[in-house]
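For reference, the chains in residue letters:
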Amino acid sequence: EPDSYPCTIGSLEESSDIYIASPIISKMHACIIKDEDKFYIEDMNSTNGTSVNGRRIATNQRCVIKNGDDIYIAALPYKVEIT
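Residues numbered from 1 in each chain as written. Predicted model: local features only at pLDDT ≥ 70, side-chain atom pairs only at ≥ 80, totals over all residues. Heavy atoms only, no water.

Q: What is the right way to read the pairing of strand β1 (residues 7-10) from this model?
A: For a regular strand, side chains alternate in direction, first toward one face of the sheet and then toward the other. Judged by which residues are buried, β1 turns out to be covered on both faces: C7 and I9 on one side and T8 and G10 on the other are all buried. The pairing of β1 with strand β3 (residues 30-35) spans three bridges and is antiparallel. Following the sheet pairing, T8 is matched in β3 by C31. Here β1 pairs with strand β2 (residues 18-19) via two bridges, running parallel. (Buried < 20%, exposed > 50% of the residue type's maximum accessible area, 1.4 Å probe, protein only. Helix = DSSP H or I, 4+ residues; strand = E, 2+ residues; numbered from the N terminus. Pairing = 2+ DSSP bridges.)

Q: Honestly, unusual backbone geometry in this entry has me stumped. Any pointers?
A: Glycine aside, residues mostly have negative phi angles, and peptide bonds mostly take the trans form. For the bond running from Y5 to P6, omega is -5°, close enough to zero to count as cis. With respect to the helices and strands, the residue P6 is situated in the segment before β1. With phi around 60°, E36 is a residue other than glycine that occupies positive phi space. Relative to the elements of secondary structure, E36 occurs in the loop between β3 and β4 (38-43).

Everything listed here is a matter of coordinates, which is why it stays silent on function.
This is how it looks when you write it as structure tokens:
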């Protein structure tokens, strides 16, 4: 769960707010952004991509994420839980 926004996701531990130790995750893979009452995920030019509900998002494109959405960071699945 992110402590602050923007929140970076990646495999470079010292530069990522959410560190994922996996060779398929780029060093700076994606970013979660909060803008007012909406949340977004943005792919940061990752090698293996970011998908929301089965749709791969383009590099540097923000995609709205909602409670219950399925996110894939490369091939690793996550479920969005907004509390």
